[in-house]
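Analysis of the macromolecular model
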Amino acid sequence: MSRKILVVGAGQSGLQLALGLQTQGYEVTLMSNRTADEIRSGRVMSTQCMFHTALQHERDLQLNFWESQAPKIEGLGVSVAAPGSHDPGPTQRAIDWVGTLDGYAQSVDQRVKMAGWMETFAQRGGQLVIHGAAVSDLDYFSRTYDLVLVSAGKGELVSMFGRDASRSPYTEPQRALAVAYVHGMGVRPEHPDFDAVRCNLVPGVGELFVMPTLTTSGRADILFWEGIPGGPLDAFQGVKDPSEHLALTLELMEKFTPWEYARATKVELTDANGTLAGRYAPTVRNPIGRLPGGGAVLGVADVVVANDPITGQGSNSASKCAAAYLAAIVEHGDKPFDEEWMQATFDRYWDTAQHVTKWTNTMLQAPPEHVLNLIGAAGQLQPVADRFANGFNNPADFENFFYEPEKTNAYLASVSGA
């Protein structure tokens, strides 16, 4: 008899898991607090840029429905504003380079993807329940399903999973986030035919990311400010009007990243729901949620490992978590999904997730001298730029050349010697 699995939450990981389990013959129920149409016509949810490994997990399940339409992101560029350059007068870049990705990245607006995937799940016979689940609901469901997976990253359900203080160095949000989806963005004049994610670092102030995407109205670009709380970029709280949000985004670009502003003078919002602002504290949680009635549920992706988006890892991590959990479920056969299995399944995901968390938490700090040297050297040594760029696909590689001055210096010496 087929095993019954409940997936609560219809984001990247919940849907990828539900669709993957469905193809393996499980009886899957998916709970979402919104319909596909409500998602598609709703507010943007994220700034997803997915790198090769995460995209490959989608291809493996034949869920890469938008691959031919979405821009192929072939590079990742880093620019660093020169010190004092945001005083009046021309702004300079102290550092400016682009690394080539081994496999291209892509961004598909989650409104497009989640709505499409949800419809596919239902068309394939999946049980879709439109209902915002509460802990009391899960208490009931845990008795009727073999396994309950919680992938709804916000709201009451997250409180079932206790914070892991040993893996969560921050108690407060480290950035104020502000997103705008726009049409009409110009190209970078030095690379007119080359799509890249652009990471613009403004020391002591924050970061601006610019990335090409596919949205509900076609090709677009995402303008994404990450501001240090209390600083000049922390200006979006209380801005409700989307056009005001865009105007503020552009005003800050003109002041702090004029080289990006220069190609943004003709932009307009993709739609009235194309803006988003907020903040949250990066947190790792215990993966097992215990229910009042004694049952246990397993947390998925950013329910249990929520990183700041400064390293663009959210949707990548969600895809990798779904792939790890899917393999663990299938391998487990018909044995009970007990707490020991749940912990082991999370530990399997943490093998990769720990590198994302370490790297992201490091990038939220002011960079030490050896990291500044590394980022500077990438402007002179293309292999360094390429390796740094590909770290976004495989953050474990940063262990080899990023955190410790000795390893960084040895790596730079080996490249410049070659």
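The coordinates are above.
Residues numbered from 1 in each chain as written. Predicted model: local features only at pLDDT ≥ 70, side-chain atom pairs only at ≥ 80, totals over all residues. Heavy atoms only, no water.

Side note on the overall build of the protein chain
Basically, it comes down to this: Segments assigned H or I by DSSP are reported as helices when at least four residues long, segments assigned E as strands when at least two residues long, and all are numbered from the N terminus. C-alpha atoms define the radius of gyration, and 2.2 Å times the number of residues to the power 0.38 defines the globule rule. Buried means the residue's accessible area, taken with a 1.4 Å probe over protein chains only, is under 20% of the maximum for its type, while exposed means over 50%, and partly exposed covers the values in between. The contact rule is simple, with two residues in contact once any of their heavy atoms fall within 4.5 Å. In this description, accessible areas are obtained by the Shrake-Rupley approach with a 1.4 Å probe, and a residue is regarded as covered only by the protein chains that are shown. Counting rule applied: Lys, Arg positive; Asp, Glu negative; His and chain ends not counted. Charge coordinates come from a single atom per side chain, which is NZ of Lys, CZ of Arg, CG of Asp or CD of Glu.
Scanning the protein chain from terminus to terminus reveals twelve helices and 16 strands. Compactness check: the protein chain gives a C-alpha radius of gyration of 21 Å against a globular reference of 22 Å for 418 residues, within 12% of the reference. A principal-axis box enclosing the C-alpha atoms of the protein chain has dimensions of 70 × 50 × 40 Å. Across the 418 residues of the protein chain, 56% fall into the buried class. Pairs at least 24 residues apart make up 76% of the contacts formed inside the protein chain by residues separated by at least 6 positions. Surface exposure of the protein chain reaches about 16,900 Å², of which carbon and sulfur atoms provide 51%. With 32 positive and 47 negative side-chain charges, the protein chain shows a separation of 1 Å between the mean positions of the two kinds.

Quick look at the sheet that holds strand E15 (residues 296–299)
The condition that has to hold: Two strands qualify as a pair provided that DSSP identifies no fewer than 2 bridges between them. A fitted line through C-alpha atoms serves as each axis, taken over the contacting stretch for helices, and the angle formed by two N-to-C directions is quoted from 0 to 180°.
One open sheet holds the six strands; their spatial order is E5-E2-E1-E6-E15-E14, and the pairing between them is mixed. Each edge of the open sheet carries a strand with a single partner, namely strand E5 (127–130) and strand E14 (288–290). The mean inter-strand angle of the sheet, taken between neighbouring strand axes irrespective of direction, is 25°. In this structure, strand E1 (residues 4–8) lies alongside strand E6 (residues 147–150), joined through four bridges in parallel fashion. In the strand pairing of E6, valine 8 is matched with valine 150. Across the sheet, helix H1 (residues 12–23) touches E1, strand E2 (27–32) and E6, and the angle it forms with E2 is around 160°.

What to know about the packing of aromatic side chains
By convention here, two paired aromatic rings are described through the distance between centres and the angle between planes. Going by this rule: Ring geometry is summarised as follows: Phe, Tyr and Trp rings, the Trp one being its six-membered ring, pair when their centres sit within 6.5 Å, and such pairs are stacked at plane angles under 30 degrees, edge-to-face over 60 and tilted between the two.
This model, assessed by the stated rule, comprises 19 aromatic pairs. Residues tryptophan 359 and phenylalanine 392 carry aromatic rings whose centres are separated by 4.8 Å and whose planes lie at 85° to one another, so their mutual orientation is edge-to-face. Highlighted residues: tryptophan 359 in helix H9 (residues 339–363) and phenylalanine 392 in the loop between helix H11 (382–390) and helix H12 (405–417), separated in sequence by 33 residues. On the basis of relative accessibility, which here comes to 6%, the residue phenylalanine 392 falls in the buried class. Plain terms: the ring middles of phenylalanine 388 and phenylalanine 402 are 6.2 Å apart, the flat faces sit at 55° to each other, and that makes the pair tilted. Of the two residues, phenylalanine 388 sits in helix H11 while phenylalanine 402 sits in the loop between H11 and H12, which places them 14 residues apart along the sequence. Note on accessibility: phenylalanine 388 and phenylalanine 402 belong to one class, buried.

Topic: the side chain of serine 315
Counting through the fold element by element, serine 315 comes out in helix H8 (residues 314–331). Here serine 315 falls in the buried class, since its relative accessible area comes to 7%. When near neighbours in sequence (up to four residues on either side) are disregarded, serine 315 contacts Gln12, Gln48, Cys49, Met50 and Gln110.

A closer look at the packing of H1 against H8
Stated precisely, the cut-off is as follows: The scheme is simple: roughly parallel for angles under 35 degrees, roughly antiparallel for over 145, roughly perpendicular for 65 to 115, oblique for anything else. Put simply, a crossing is left-handed when the front helix is turned counterclockwise from the back one by less than a right angle, and right-handed when it is turned clockwise. Classification convention: Asp, Glu, Lys, Arg as charged; Ala, Val, Leu, Ile, Met, Phe, Trp, Tyr, Cys, Pro as nonpolar; all other residues, Gly among them, as polar.
With their axes 8 Å apart at the nearest point, H1 and H8 run at an angle of 30° to one another. By the angle between their directions, the pair H1 and H8 is classed as roughly parallel. The two elements H1 and H8 cross, and the hand of that crossing is right-handed. Residue-level contacts link Gln12, Ser13, Gln16, Leu17, Gly20 and Leu21 of H1 to Ser315, Ala318, Ser319, Ala322, Ala323, Tyr325, Leu326 and Ile329 of H8. Of the residues belonging to the contact of H1 with H8, the class tally is eight nonpolar, six polar and no charged.

Structural notes on the pairing of E15
The sheet contact formed by E6 and E15 spans two bridges and is parallel. Looking at the pairing, leucine 149 lines up with leucine 298 of E15. Counted between consecutive antiparallel strands, the loop separating E14 from E15 contains five residues, among which glycine 294 sits at a positive phi close to 100°.

Considering the pattern of salt bridges
As a reminder of what qualifies: Salt bridges are counted wherever a side-chain nitrogen of Lys or Arg sits within 4 Å of a carboxyl oxygen of Asp or Glu.
Under the defined criterion, the tally for this structure stands at 20 salt bridges. Taking the shortest distance from any N to any O, the salt bridge between arginine 175 and glutamate 207 comes out at 2.8 Å. Within this pair, whereas arginine 175 is found in the loop between E6 and strand E7 (176–183), its partner glutamate 207 is found in strand E9 (residues 206–215), the two being separated by 32 residues in sequence. For glutamate 207, a relative accessible area of 8% translates into the label buried. Across the salt bridge formed by glutamate 260 and arginine 263, the nearest N and O atoms sit 2.7 Å from each other. There is no split in this pair, since glutamate 260 and arginine 263 are both buried.

Some thoughts on the environment of glutamine 110
Here glutamine 110 is to be found in helix H4 (residues 110–123). Sequence spacing of glutamine 110 and leucine 76 is 34 residues, and the spatial spacing of their C-alpha atoms is 21 Å. The contacts of glutamine 110, once residues within four sequence positions are left out, are Gln12, Ile39, Met45, Ser46, Gln48, Ala115 and Ser315.

Quick notes on the environment of serine 68
Structurally, serine 68 is set in the loop between helix H3 (52–60) and strand E3 (73–81). Residue classification places serine 68 among the exposed residues on the basis of a relative accessible area of 68%.

Re the nonpolar core
So the rule is basically this: We define a nonpolar core as any set of buried Ala, Val, Leu, Ile, Met, Phe, Trp, Tyr and Cys residues linked to one another through side-chain atoms lying within 4.5 Å.
Membership of the largest hydrophobic core comes to 65 residues, with the highest contact counts inside it found for Leu17, Leu21, Leu138, Leu149, Leu157, Tyr325 and Ile329. Per-element tally for this core: the top contributor is H8, with eight residues.

Quick word on H8
Selection rule: Here the expected length of a helix is defined as 1.5 Å per residue gap, with one fewer gap than residues.
Taking 1.5 Å of rise per residue, the 18 residues of H8 would be expected to cover 26 Å, and the 26 Å separating its terminal C-alpha atoms lies within 8% of that figure. Counting buried positions along H8 yields 13 of 18 residues, so the element is predominantly enclosed. Backbone geometry just after H8 places glycine 333 at a positive phi near 60°.

Points about the pairing of E9
E9 sits mainly inside the fold: ten of its ten residues count as buried. Residues Gly206, Leu208, Val210, Pro212 and Leu214 point to one face of E9 and Glu207, Phe209, Met211, Thr213 and Thr215 to the other, with burial holding for every one of them. Where strand E8 (residues 196–202) and E9 come together, five bridges link them in antiparallel fashion. Within E9, the residue paired with arginine 198 across the bridge is valine 210.

Any link to function would need more than the numbers given here.
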